[in-house]
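Spelled out from the first residue to the last, the chains are:
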Amino acid sequence: MSGYFEYQWNGRHDRNFGDILSDKNCKTFNYNEPSDRSKALIALKDMIGASVDFALKDKSCGEDDEFLFRFLFAKKFKIDEAFKLLINYLDYKQRNGEILQKMSALDEQIQMALRDGYPGVLPERDRRGRKVIVFFTSNWNPNSYSLVTVYRAMLLSLEKLLEDKQNQANGFVAIVDWTNFSMRQSTHLNPKILKHFIEGLQDCFPIRFKAIHFVGQPWYVEAALAVIKPFLKEKTRDRIILHGSNLSTLHDCITKDILPTELGGEGKSINPLDWVHTLLESSQSMNEQQSYRLTQCTIYSKPPQDYIRNTTCLLQQDEWHTAT
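Side note on helix H7 (residues 108–115)
Listing the buried residues of H7 in full gives Ile110, Gln111, Ala113 and Leu114. Projected down its long axis, H7 carries its buried residues within an arc of 160 degrees, all on one side. After H7 finishes, the residue glycine 117 shows a positive phi value of roughly 90 degrees.

A short note on the sheet that holds strand E2 (residues 131–136)
Read from one edge of the open sheet, five strands run E1-E2-E3-E4-E5, paired in mixed fashion. At either margin of the open sheet sits one strand with a lone partner, and together these are strand E1 (120–121) and strand E5 (240–244). Across two bridges, the pairing between E1 and E2 is antiparallel. What sits directly across from glycine 120, in E2, is valine 134. Docked against the sheet, helix H8 (residues 147–161) engages E1, E2, strand E3 (172–177) and strand E4 (209–215), running at close to 165 degrees with respect to E2.

Observations concerning unusual backbone geometry
In this model, tyrosine 118 is joined to proline 119 through a cis peptide bond whose omega is 0 degrees. Structurally, proline 119 is set in the loop between H7 and E1. Not every positive phi belongs to a glycine, and lysine 76 is a case in point at roughly 55 degrees. Although it is not a glycine, lysine 102 adopts a positive phi angle of roughly 50 degrees. Counting through the fold element by element, lysine 102 comes out in the loop between helix H6 (97–100) and H7. A residue is classified by how much of its surface remains accessible, and lysine 102, at 64% relative accessible area, is exposed.

Side note on the packing of aromatic side chains
For the structure on display, the rule yields 16 aromatic pairs. Pairing tyrosine 118 with tyrosine 145 gives two aromatic rings, centres 6.5 Å apart and planes at 70 degrees, and the pair type is edge-to-face. Placement of the pair is tyrosine 118 in the loop between H7 and E1 and tyrosine 145 in the loop between E2 and H8, with a sequence separation of 27 residues. Residue classification places tyrosine 118 among the buried positions, given a relative accessible area of 4%. Joined through ring pairs, the aromatic side chains of Phe67, Phe71, Tyr89, Tyr92, Phe205 and Tyr292 make up one cluster.

Description of the pattern of salt bridges
In this structure the tally under the stated criterion is twelve salt bridges. The salt bridge partner of glutamate 66 is lysine 165, with a shortest N-O separation of 2.5 Å. Here lysine 165 lies in helix H9 (residues 165–170) and glutamate 66 lies in helix H4 (residues 65–74), a separation of 99 residues in the sequence. We classify glutamate 66 as partly exposed; its relative accessible area is 41%. Between aspartate 91 and arginine 95 there is a salt bridge, and its shortest N-O distance comes to 2.9 Å. Of this pair, aspartate 91 and arginine 95 both sit in helix H5 (residues 79–95), four residues apart, which is roughly one turn of the helix. By relative accessible area, arginine 95 is classed as partly exposed at 35%. Linked by salt bridges that have partners in common, Asp91, Arg95 and Glu199 make up one network.

So, how was this worked out
Residues numbered from 1 in each chain as written. Predicted model: local features only at pLDDT ≥ 70, side-chain atom pairs only at ≥ 80, totals over all residues. Heavy atoms only, no water. Buried < 20%, exposed > 50% of the residue type's maximum accessible area, 1.4 Å probe, protein only. Helix = DSSP H or I, 4+ residues; strand = E, 2+ residues; numbered from the N terminus. Arc of directions from axis to C-beta. Pairing = 2+ DSSP bridges. Contact = heavy atoms within 4.5 Å. Axes fitted to C-alpha atoms, helices over the stretch in contact; angles between N-to-C directions. Phe/Tyr/Trp six-rings, centres within 6.5 Å; stacked < 30°, edge-to-face > 60°. Salt bridge = Lys/Arg side-chain N within 4 Å of Asp/Glu carboxyl O.

Here it is in structure tokens:
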């Protein structure tokens, strides 16, 4: 480990870890064994304590076991890879403070995106125990909130979902429904923001997307995908599945019984307010600020009156439509 202690990190996320890590740290632990989990956690904490990387100048994250487990699960308890991902995460967060600061479910813009179902979270897992999140792209009104806001709402939701170790271990499946997504909307798909999107989700956050399903994609969406494909790792590219208008191939991958009616499933329609309420309740229960996490909510004793009125109105409308 002497070479590791003396190494001066350069603050970037493209370091050659193979040259500086010992065989011990390159070991893969069995996360099904509680004793191995503990050993892996201790090894990761040792690396954090020894690091002189600028991204880890505040080492308080090393005291948060639940936070560190996210990175261990994301890399299947390969210590060197988990440590590298942690550095990437902290470095990305510092470099993109203007995007990631003050992320809260009570942020007015984020709340609009969440109410439009960015994202929607299905109540049931797929057959492999993975959490399924969905996006109905035609709901996006670029005049009301930007693509950055959609990204912020997604990251806020993923951070909440990662509190569940089953999600950490099994990963996620995403379904993006492009039906009725207009060419005018597509002009707001800013390449710079998409690059941030890709970099964060692919290289920096402790999130494992096992499959990304595109449904109803028009030709101009496929053209945009062709432009961004060079920025995608081979593993990510291989996990993007284009179904077009053929929902039966989607149902071959994800059974109809857990899918909402909007995707030809047997479940009930998605009510985005269910997930909004979950995030709001989480916001109320936070009792401390943690600088290394994304969510840094202002603590409210109760939701604002405008939110209560708008939510009540939407629920009443939903009940009326159900009754009729």
